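Residue strings, one per chain:
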Amino acid sequence: MSEDRKTKSPPVPGVVVVGVWPETTGEQLEHLRAALVLEGFSAHISRGETRTILVCVGDASPMNMAALMVLPGVESVTPVRKPYKLAARESSVDPTVVRVPSARGPVDVGGKELVVIAGPCSVEAEPMLLETAHAVRSAGARMLRGGAFKPRTSPYSFQGLGGEALEMLARVREETGLPIVSEVMDTREVERMAEMVDVLQVGARNMQNFPLLTEVGRTRRPVLLKRGLSARIEELLMAAEYVMAQGNRNVILCERGIRTFEPATRNTLDIAAIPVLKAETHLPVIVDPSHAGGRPDLVGPLSYAAVAAGADGLIIEVHPCPEQALSDGDQALEPVQFADLMQHLGVFAVAAGRTLATADPARREP
Ligand code: PEP
Ligand code: MN
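It should be emphasised that the depicted structure is a prediction, and the values quoted were computed from it without experimental measurement. (Residues numbered from 1 in each chain as written. Chains lettered and ligands numbered in written order. Predicted model: local features only at pLDDT ≥ 70, side-chain atom pairs only at ≥ 80, totals over all residues. Heavy atoms only, no water.)

A. The arrangement of the overall build of the protein in detail. For the protein, the helix and strand inventory stands at 12 helices and 15 strands. By the compact-globule yardstick of 21 Å for 366 residues, the protein fits well, its C-alpha radius of gyration being 22 Å. Along the first, second and third principal axes, the C-alpha atoms of the protein reach 75 × 45 × 40 Å. Going through the 366 residues of the protein one by one, you find that 54% of them count as buried. A separation of at least 24 residues holds for 70% of the contacts in the protein among residues at least 6 apart in sequence. About 16,500 Å² of surface is accessible on the protein, with carbon and sulfur atoms providing 54% of the total. (Helix = DSSP H or I, 4+ residues; strand = E, 2+ residues; numbered from the N terminus. Rg over C-alpha atoms; globule rule 2.2 N^0.38 Å. Buried < 20%, exposed > 50% of the residue type's maximum accessible area, 1.4 Å probe, protein only. Contact = heavy atoms within 4.5 Å. Areas by Shrake-Rupley, 256 points an atom, 1.4 Å probe, with all protein chains shown as cover.)

B. Just the coordination of the manganese ion (ligand 2), in detail. Of the protein atoms, only Cys121 (SG), His291 (NE2), Glu317 (OE) and Asp328 (OD) coordinate the manganese ion (ligand 2), at distances of 2.0 to 2.4 Å. Each donor residue of the manganese ion (ligand 2) lies on the same chain, and together they follow the pattern C-x169-H-x25-E-x10-D. Taken as a pair, Glu317 in strand β14 (residues 313–317) and Asp328 in the loop between β14 and α12 (335–351) lie far apart in primary sequence, 11 residues in all. When sorted by exposure, Glu317 lands in the same class as Asp328, which is buried. (Donors = N, O, S within 2.8 Å, 3.2 Å for Na, K, Ca; no water.)

C. Layout of α12. Compared with the 24 Å implied by 1.5 Å per residue over 17 residues, the 25 Å span of α12 between its first and last C-alpha is a close match. A bend of about 30° at Leu345 is the largest found in α12. Here α12 has its buried residues at Phe338, Leu341, Met342, Leu345, Gly346 and Ala349. Contacts from the buried residues of α12 go to β7 (113–119), α4 (126–139), α11 (296–308), β14 and β15 (355–356). Taken from the residues just after α12, Gly353 is the one with a positive phi, measuring 75°. (Expected span 1.5 Å × (residues − 1). Bend = angle between axes of the 7 residues up to and from the residue.)

D. A look at the confidence of the model for the protein. When pLDDT is averaged across the protein, the result is 94; 96% of the residues are at 70 or more. Scored below 50 in pLDDT, residues 359–366 makes 9 contacts in the model with residues more than four places away or belonging to other chains. (pLDDT = per-residue confidence, 0-100.)

E. Looking closely at the environment of Thr176. Position of Thr176 among the secondary structure elements: in helix α5 (residues 163–176). Put simply, Thr176 and Ala133 are 43 residues apart on the chain and 7.1 Å apart in space, counted from C-alpha to C-alpha. Residues contacting Thr176, with those up to four places away along its chain left out, are Arg104, Leu130, Ala133, His134 and Arg137. Within the structure, Thr176 has its side chain in polar contact with the backbone nitrogen of Leu178 (distance 3.2 Å). (Polar contact = N/O pair within 3.5 Å; in protein donor to acceptor, adjacent residues only side chain to side chain.)

F. Looking closely at the site of ligand 1. Taken together, 13 residues form the shell around ligand 1, and within it Arg145, Lys150, Ala204, Arg205 and Arg256 come nearest. In the model, an oxygen atom of ligand 1 is placed 2.8 Å from a nitrogen or oxygen of the Arg205 side chain. Between ligand 1 and His291 there is a distance of 3.2 Å, counted from an oxygen atom to a side-chain nitrogen or oxygen. Computed on the free molecule, ligand 1 has an accessible area of 300 Å², of which 97% lies beneath the protein chains in the complex. Across the shell around ligand 1, the residue classes break down as 3 nonpolar, 3 polar and 7 charged. (Near = heavy atom within 4 Å. Nonpolar A, V, L, I, M, F, W, Y, C, P; charged D, E, K, R; others polar.)

G. Molecular detail of the packing of aromatic side chains. In total, this model carries 2 aromatic pairs according to the counting rule given. With a centroid separation of 4.4 Å and 0° between ring planes, the pair formed by Tyr304 and Phe348 is classed as stacked. Of this pair, Tyr304 sits in helix α11 while Phe348 is found in helix α12, placing the two residues 44 residues apart along the sequence. Accessibility expressed as a relative area gives 33% for Phe348, which makes it partly exposed. (Phe/Tyr/Trp six-rings, centres within 6.5 Å; stacked < 30°, edge-to-face > 60°.)

Structure representation (structure tokens):
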């Protein structure tokens, strides 16, 4: 063994947060970033009002960290000790706002506005999609959901219209201006879907499909990552880490209820997961009260509770005629019920220090 191999500690892949002195200029920061790259790190700058950090992925061995401490401009060097690292709260100065670009101006998830996403479980035909989109938009929804590929428990159930549904979603976006959220189930579809939809949904059943997480991480599309049916909070964060490790930091987490012994509801909404996630990560957290409760009468109460607990948004299933829906009709709201919910939600949003699109009458359609 060479002398060098004997004395050098083995590399420890990890994430290190490098804090810089408050007076550091933009130019010095860029120099520091270049120096970190020379040390073998990839460095991402996270700038807040009062603090700036560089989030560095690379060899976090003690020796390497000591080398970072002496670089000009460095105030502190702290390894992220949690198993999730880029997703950990300390890896960003401020909470992350995921920006979804759209023709009518971006939709920001994780900011002051409570963002409501609504639409059918699956895209069944263009007229029903368009009708739902207009209805939810005028009630204050900021994005349209609609499944093209459906993860169904039975292979004999409706599986979604696939590519045809993606075309319909694109046309309805064109007509309404609402960005589209749709589930991607297959690594082979990621590229096409990343071109056609605005937010890539990874469903509960795929939360630990690591090749899929890696593939959506290679795109730069915002990802809506749903908690698995029996996934722990830490496992949800590790799934987010898979996406982020590929360079895609635009992850929105979604609590959608977990399996428990209680059969009165489809799943059990884990309300505590919202404040726990808010403490553990800088990523935005939204709630799906439709799949959690599995009943239309529970969608309102679960939505209000989610907003009170600090959720950044909601994703709600709405169908023009729930009894005829090809999937999840049992839990869908009719458009008028959705509009009613949005009216009531305004009070909770204000109490939680949020704004809601319905609060602005100018945004409503005539
Ligand atoms: C859905 O959004 O229609 C869906 C299938 O959700 P989940 O993955 O949470 O079950
Ligand atoms: Mn559904």
